[in-house]
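# Per-entry structural report
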Amino acid sequence: MASIKKQIKEASWQSNPIAYQVLGICSALAVTVNVENALIMGASVIAVLSGSNVAISLMRNVIPHRIRIIVQLAVVSTLVILVDQVLKAYLFEASKALSVFVGLIITNCIILGRAEAFAMGNPPMPSLWDAIGNGIGYTWVLVVIGAFRELLGGGQLLGFRVIPISFYEATGYVDNGLMVLAPAAFILLGLLIWVSKELGGAKGNE
Amino acid sequence: MQQSNGYIIGFAIGVCVVCSLLLAGVSTALKDRQEMNQMVDRQKNILKAVGFSDADLEGKDGSAVTAFYNEHIKEMVVKTDGSVAESLQVADLPSDAASGLNIQPDKGLPLYMRKDSSGAPLSYAFPAVGKGLWSKLFGFLAVKPDGDEIVGLSFYKHGETPGLGANIEAKWFTDNFIGKHLYEAGKLVGVTVAKGKAADMAGVSKSDIDRHAVDGMSGATLTGNGVMKMTKVAPKPYAAFFKKGGR
């Protein structure tokens, strides 16, 4: 049990996929306009990553070495389309909000990266924990960036108004329009990597 | 370990077969639900375009939305000469015509009438399709029975950049269209989407701004241009119908 905890912490904090491995930046910029999208995206990535890591790990001894990347891609894309279909059927609004980015999970480097770097060489259970750890690491970064962008860019959190309308009228405060644009996500991501390194994450204290 | 070519090809085929069977199965199993979601989504957007608010629709699941829709909306088919094709239903039109994807004017135009309790028209909504930056924009534009004053605009499908062009869905943007006019002295001029604030537009008279211009979206000028063009094109086939005074 302790080793599982350690593995998850290692994957989500010390070698965080976004902050340390700097993978999956594209979607981290795109879907972090608000917290809700970040959460759904994070959940989708955890689902796909767990599925692909376990599937690849189960097949790791029979996958022909020369076509392993293609096989990994086939597994990943199948899972992504599955998630996309399920979202369309049961969470229609969310799938509309995420639009193409669900499909683009296929090209999310975290998933192929973990399949190639971990699942190909480890048994299914550790691969699952690795997937969950990395997925959590991806999700919390998205949620933190999403929270800042939603709060500063729209005065809301998870769709609830945090900064009251009267405050805008009384003080002339204006939402920061930059926050809803992609450059703001870049800036926040940079700050987040810096802070997490200072706190000992992202292999900062080595 | 070097595997034989036969093994590699066999493995590849095996993976493909398993994956495709899985996807085909899931897609078939979920198809009905997805199509229902799309239909409900379209009905919701028609309701929003003709002036119902989110509050009216809140907490309603799929079948409740459909019931509400049937209570307030009458689907009809009109011809380009302005007459109503009584014998035709929206469902009879070529597939996807209902959403504006595939309107063939000679076969009839879908029109959605909001009726009051006595059945008299309050407003009409019709599909509005435009070209954004990356994608086609699908929406509904609703006008008063005079065919001129806009009651509402809603978008339900597009592939614009989330956070930028996707703001066409946002309430602050679509609400700006309410009360604007499509016609000026009998000519279809549509609604101009300004760069920045409409009030700051140079070389345009105040009355023109009040009647025909809305605030733009920062970072999404091209999407805005698409919407602008759409308001000039989409009402055209319906002009004859409204000229006859609706019905």
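Residues numbered from 1 in each chain as written. Chains lettered and ligands numbered in written order. Predicted model: local features only at pLDDT ≥ 70, side-chain atom pairs only at ≥ 80, totals over all residues. Heavy atoms only, no water.

Attention shifts here to the confidence of the model for chain B. Averaged over chain B, the pLDDT score is 84; the fraction of residues at 70 or greater is 95%. For this predicted complex, the interface score ipTM comes out at 0.74, while the overall pTM is 0.74. (pLDDT = per-residue confidence, 0-100.)

Residue and element names in this part refer to chain B. Positive phi is not limited to glycine here, since Ala185 has a value of about 50°. Relative to the assigned elements, Ala185 resides in the loop between strand 6 (183-184) and strand 7 (187-188). Since its relative accessible area comes to 80%, Ala185 is described here as exposed. (Helix = DSSP H or I, 4+ residues; strand = E, 2+ residues; numbered from the N terminus. Buried < 20%, exposed > 50% of the residue type's maximum accessible area, 1.4 Å probe, protein only.)

It is worth spelling out the packing of aromatic side chains at this point. On inspection of all chains with the given rule, the structure shows 15 aromatic pairs over all chains. Put simply, the rings of Tyr124, Phe126, Tyr238, Phe241 and Phe242 of chain B touch in pairs and so form one group of aromatic residues. (Phe/Tyr/Trp six-rings, centres within 6.5 Å; stacked < 30°, edge-to-face > 60°.)

Let us now look at helix 10 (residues 182-198) of chain A. Residue and element names in this part refer to chain A. Taking 1.5 Å per residue, 17 residues should reach 24 Å; helix 10 reaches 25 Å between its end C-alpha atoms and fits that length. By the burial criterion, the buried members of helix 10 are Ala184, Ala185, Leu188, Leu189, Leu192, Ile193 and Ser196. One or two positions beyond helix 10, positive phi appears at Gly200, with a value near 95°. (Expected span 1.5 Å × (residues − 1).)

So, on to the side chain of Ser12 of chain A. The topology assignment puts Ser12 of chain A in helix 1 (residues 2-14). In this structure Ser12 of chain A touches Gly133, Ile136, Gly137 and Trp140 of chain A, once residues within four positions along its chain are discounted. (Contact = heavy atoms within 4.5 Å.)

This part is about the sheet that holds strand 4 (residues 136-143) of chain B. All names here are of chain B. Read across the sheet, five strands follow the order 1-2-3-4-5 without closing on themselves; strand pairing throughout is antiparallel. Sheet topology places strand 1 (73-78) and strand 5 (150-157) at the edges, where each strand pairs with a single neighbour. Averaged over all pairs of adjacent strands, the angle between strand axes in this sheet comes to 30°, irrespective of strand direction. Sheet topology note: the strand 3 (residues 121-131)/strand 4 ladder contains eight bridges and is antiparallel. Its bridge partner lying in strand 4, Lys131 is registered against Lys136. Across the sheet, helix 1 (residues 5-49) is in contact with strand 1, strand 2 (109-115), strand 3, strand 4 and strand 5; its angle to strand 5 comes to roughly 160°. (Pairing = 2+ DSSP bridges. Axes fitted to C-alpha atoms, helices over the stretch in contact; angles between N-to-C directions.)

This next bit is on the nonpolar core. Ranked by size, the top nonpolar core spans 37 residues in total, and within it Ile18, Met41, Ile105 and Leu142 of chain A carry the most contacts. Contributing elements (two or more residues each) for this core: helix 2 (25-30), helix 3 (35-59), helix 4 (68-90), helix 5 (92-98), helix 6 (100-103), helix 7 (109-117), helix 8 (124-154) and helix 10 of chain A. Excluding anything up to four places from it in sequence, Ile105 of chain A contacts Met41, Ser44, Val45, Val48, Val80 and Ile111 of chain A. Val78, Leu109, Phe126 and Leu137 of chain B belong to the second largest nonpolar core, which has 32 residues in total. (Core = buried A, V, L, I, M, F, W, Y, C linked by side-chain atoms within 4.5 Å.)

Now for the environment of Ala94 of chain A. Relative to the assigned elements, Ala94 of chain A resides in helix 5. Along the primary structure Ala94 of chain A and Glu36 of chain A are separated by 58 residues, whereas in three dimensions their C-alpha atoms are 8.6 Å apart.

Oppositely charged side chains can pair when the atoms bearing their charge come close. Scanning all chains against the criterion turns up eight salt bridges over all chains. Two residues, Lys88 of chain A and Asp84 of chain A, come together in a salt bridge whose shortest N-O distance is 3.7 Å. Taken together, the residues Lys88 of chain A and Asp84 of chain A, both in helix 4 and four residues apart, mark about one turn of the helix. On the basis of relative accessibility, which here comes to 18%, the residue Asp84 of chain A falls in the buried class. Measuring nitrogen to oxygen at the nearest pair gives 3.0 Å for the salt bridge that ties Glu184 of chain B to Arg211 of chain B. Here the residue Glu184 of chain B occupies a position in strand 6, and Arg211 of chain B occupies one in helix 5 (residues 206-212), the gap between them amounting to 27 residues. The partly exposed category is assigned to Glu184 of chain B, whose relative accessible area is 31%. (Salt bridge = Lys/Arg side-chain N within 4 Å of Asp/Glu carboxyl O.)

Let us now look at the interface of chain B and chain A. With 26 residues of chain B at the contact, the number on the chain A side is 25 residues. Taking both sides of the interface into account, the surface hidden between chain B and chain A amounts to around 2,300 Å²; carbon and sulfur atoms contribute 66%. Between chain B and chain A we count zero salt bridges in total. For the pair chain B and chain A, the number of links is five residue pairs in polar contact (both at pLDDT 80 or more). Tallying contributions element by element places helix 1 of chain B first for the side of chain B that touches chain A, with 19 residues. (Buried area = accessible area lost by both parts, 1.4 Å probe. Polar contact = N/O pair within 3.5 Å; in protein donor to acceptor, adjacent residues only side chain to side chain.)

A few words on the packing of helix 3 of chain A against helix 4 of chain A. Residue and element names in this part refer to chain A. The contact between helix 3 and helix 4 brings their axes to 9 Å, and the two run at 145°. Handedness of the crossing formed by helix 3 with helix 4: right-handed. Taken together, the residues of helix 4 that come into contact with helix 3 (itself represented by Ile40, Ser44, Val48, Gly51, Ser52, Ala55, Ile56 and Met59) are Val71, Gln72, Val75, Val76, Leu79, Val80, Val83 and Leu87. Broken down by class, the residue content of the contact of helix 3 with helix 4 amounts to 12 nonpolar, four polar and no charged. (Left-handed = near helix turned anticlockwise from the far one by under 90°. Nonpolar A, V, L, I, M, F, W, Y, C, P; charged D, E, K, R; others polar.)

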